[in-house]
Amino acid sequence: MTEQHPAVAAYGLGKHYRRGWALRNCSFRLPAGRICALVGPNGAGKSTLMGLAAGLQSASEGRIELAGRAPRPGGSPEVAFVAQDKPLYPGFTVAETLRLGRELNPGWDQGTAEEVLAEATFPLTAKVGSLSGGQRTRVSLALALGKRPDLLILDEPMADLDPLARHQLMGRLMAEAAERGLTVLMSSHVVAELQEACDYLVLLAGGRVRLAGDIEELLAAHRLVIGPQSAAASLAGHQLVESRVNGRGLTALLRPRGELDDYWEGGEPTLEELLLAHLRAPDTPALLTWEAQVPEAGEELLPDLLRVQQPTDETARPTEVTE
Ligand SMILES: Nc1ncnc2c1ncn2[C@@H]1O[C@H](COP(=O)(O)OP(=O)(O)OP(=O)(O)O)[C@@H](O)[C@H]1O
């Protein structure tokens, strides 16, 4: 991957199926070396976005680039994709599956693949068809990491793994990202596992990007506050994401614009609080940190332009995008 280009960049990306748009006006950047959580409700367009990035589908409008280039149709050695259904040959043993990986991938790293399998509770002689769902996931991840990709795309990889396997494999992904600059784009509905592993977020809802960027920056741009219901009017100058009244008063998740009145107590939300509030309030204006923003439609992604976008006091603040 070149330094000038993000690992993934989507420009007004859209995918239309017969029943309608699965993804629309999707624009964001994912810098290289980040572990990105792709989150959204069922049917939000996550698998569609990953299929487009993996080169398994073509866009209906806009475009997606991986390190500055269009994905190669059918996939490429730099990109490994672990789909939700983890397609493997059931009649092959695990060892034969790795041998196939070696024959198909010029940059194959047998050591990395075997390390992923070293902590497994099944032998390399086991037939893939005889493995449990979680065990097949481990084989799929071994194949994907053995490929030594620059970009690893994982569609709900951890859903069928036990907590120990999840912990081991997440640790390996984070180590690969730290050591080799591997970029991971990973969908999941389990916020706890994302919180542990991911440092970047893309939240999709209704086929559109709602939040994108560095997780710490996104959290820092929000406040979860509680105060008296009678002071609700004093929140008017801030971008309210969601508010609820309960026995203790009014609880609000908001993007502060300036200082909050003294009535309000609270602090940064957790990732779960941030995600739940935005999932319940999908019409809140989208928020993208400077790293996640792409040039306006029609502009070319030039290295110069990226330099201009380096964070300064002004650009380091996330920008609200009103649609
Ligand atoms: N091959 C297809 N043909 C027609 N419609 C499709 C196809 N694939 C997805 N869709 C539709 O596109 C929308 C987005 O689906 P997608 O699978 O991308 O969502 P998702 O966010 O991955 O959902 P989930 O969390 O349930 O996996 C849905 O409305 C779905 O019905």
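All of these numbers come straight from a predicted model, not from anything done at the bench.

Here is what the cut-offs are and how they apply
- Residues numbered from 1 in each chain as written.
- Predicted model: local features only at pLDDT ≥ 70, side-chain atom pairs only at ≥ 80, totals over all residues.
- Near = placed C-beta within 6 Å.
- Helix = DSSP H or I, 4+ residues; strand = E, 2+ residues; numbered from the N terminus.
- Nonpolar A, V, L, I, M, F, W, Y, C, P; charged D, E, K, R; others polar.
- UniProt positions renumbered as here; feature names shortened; annotations may be inferred.
- Buried ≥ 20, exposed ≤ 12 C-beta atoms within 10 Å, placed from the backbone.
- Arc of directions from axis to C-beta.
- Contact = placed C-beta atoms within 7 Å.
- Domains from an automatic or database assignment.
- Axes fitted to C-alpha atoms, helices over the stretch in contact; angles between N-to-C directions.
- Parallel < 35°, antiparallel > 145°, perpendicular 65-115°, else oblique.
- Left-handed = near helix turned anticlockwise from the far one by under 90°.
- Core = buried A, V, L, I, M, F, W, Y, C linked by C-beta atoms within 7 Å.
- Pairing = 2+ DSSP bridges.

1. Side note on the site of the ligand
Close to the ligand lie Y17, R19, A22, G40, N42, G43, A44, G45, K46, S47 and T48, which account for all nearby residues. Of all the elements, helix α1 (residues 46–53) adds the most residues to the shell around the ligand, at 3 residues. Considering only residue class, the shell around the ligand consists of 3 nonpolar, 6 polar and 2 charged.

2. Focus: the UniProt feature "domain: ABC transporter" (unreviewed entry) in the chain
Within this numbering scheme, the UniProt entry marks residues 8–231 as carrying the feature "domain: ABC transporter" (unreviewed entry). Within residues 8–231, the helical portion is 33% and the strand portion 29%, while the C-alpha atoms at the span's ends are 43 Å from each other.

3. Structural notes on helix α2 (residues 94–104)
Given 3.6 residues per turn, any residue in an α-helix points the same way as the ones three and four places further on. Of all the residues in α2, the buried ones are V94, T97, L98 and G101. All buried residues of α2 lie within an arc of 100° about the axis, which places them on one face of the element. The inward-facing, buried residues of α2 abut α3 (110–118) and α4 (133–146).

4. Considerations on the domain arrangement of the chain
Domain annotation for the chain reports domain 1 (8–214) and domain 2 (218–284). Its C-alpha centre places domain 1 at a distance of 34 Å from the equivalent point of domain 2. Each side of the interface is counted separately: domain 1 has 13 residues, and domain 2 has 7 residues. In terms of residues, the side of domain 1 that touches domain 2 owes the most to one element, strand β9 (residues 208–214), which gives 4 residues. Within the side of domain 1 that touches domain 2, the residues separate by chemical class into 8 nonpolar, 3 polar and 2 charged.

5. So, the packing of α3 against α4
Each pair of packed helices gets described by two things: the angle between the helix axes and the distance between those axes. Remark: α3 packs on α4, axes separated minimally by 8 Å, with the N-to-C direction vectors making an angle of 160°. Accordingly, the angle class assigned to the pair α3 and α4 is roughly antiparallel. As α3 runs across α4, the sense of the crossing is right-handed. Contacts from Q110, T112, A113, V116 and L117 in α3 reach R138, L141, A142, L143, L145 and G146 in α4.

6. Quick look at the nonpolar core
Of all hydrophobic cores here, the largest spans 87 residues; its most connected members are C36, L185 and L201. Taken domain by domain, the makeup of this core includes at least three residues from each of domain 1 (8–214) and domain 2 (218–284). If near-sequence neighbours (up to four positions away) are discounted, L185 is found in contact with V8, L30, C36, L38, M50, A53, L151 and I153.

7. Side note on the sheet that holds strand β4 (residues 61–66)
In space, the 3 strands of this open sheet follow the order β2-β1-β4, with antiparallel pairing throughout. Every interior strand has two partners, whereas the edge strands, β2 (20–30) and β4, have only one. The sheet shows a mean angle of 25° between the axes of neighbouring strands, taken without regard to direction. In this sheet, β2 lies alongside strand β1 (residues 8–17) in antiparallel orientation, the contact comprising 7 bridges. Pairing of L13 across the sheet is with C26, part of β2.

8. Things to note about unusual backbone geometry
For R148, which is not glycine, the phi dihedral falls at a positive 55°. Considering the arrangement of structural elements, one finds R148 in the loop between α4 and β6 (151–155). Non-glycine residue E156 carries a positive phi angle of around 45°. For E156, a count of 19 C-beta atoms within 10 Å translates into the label partly exposed.

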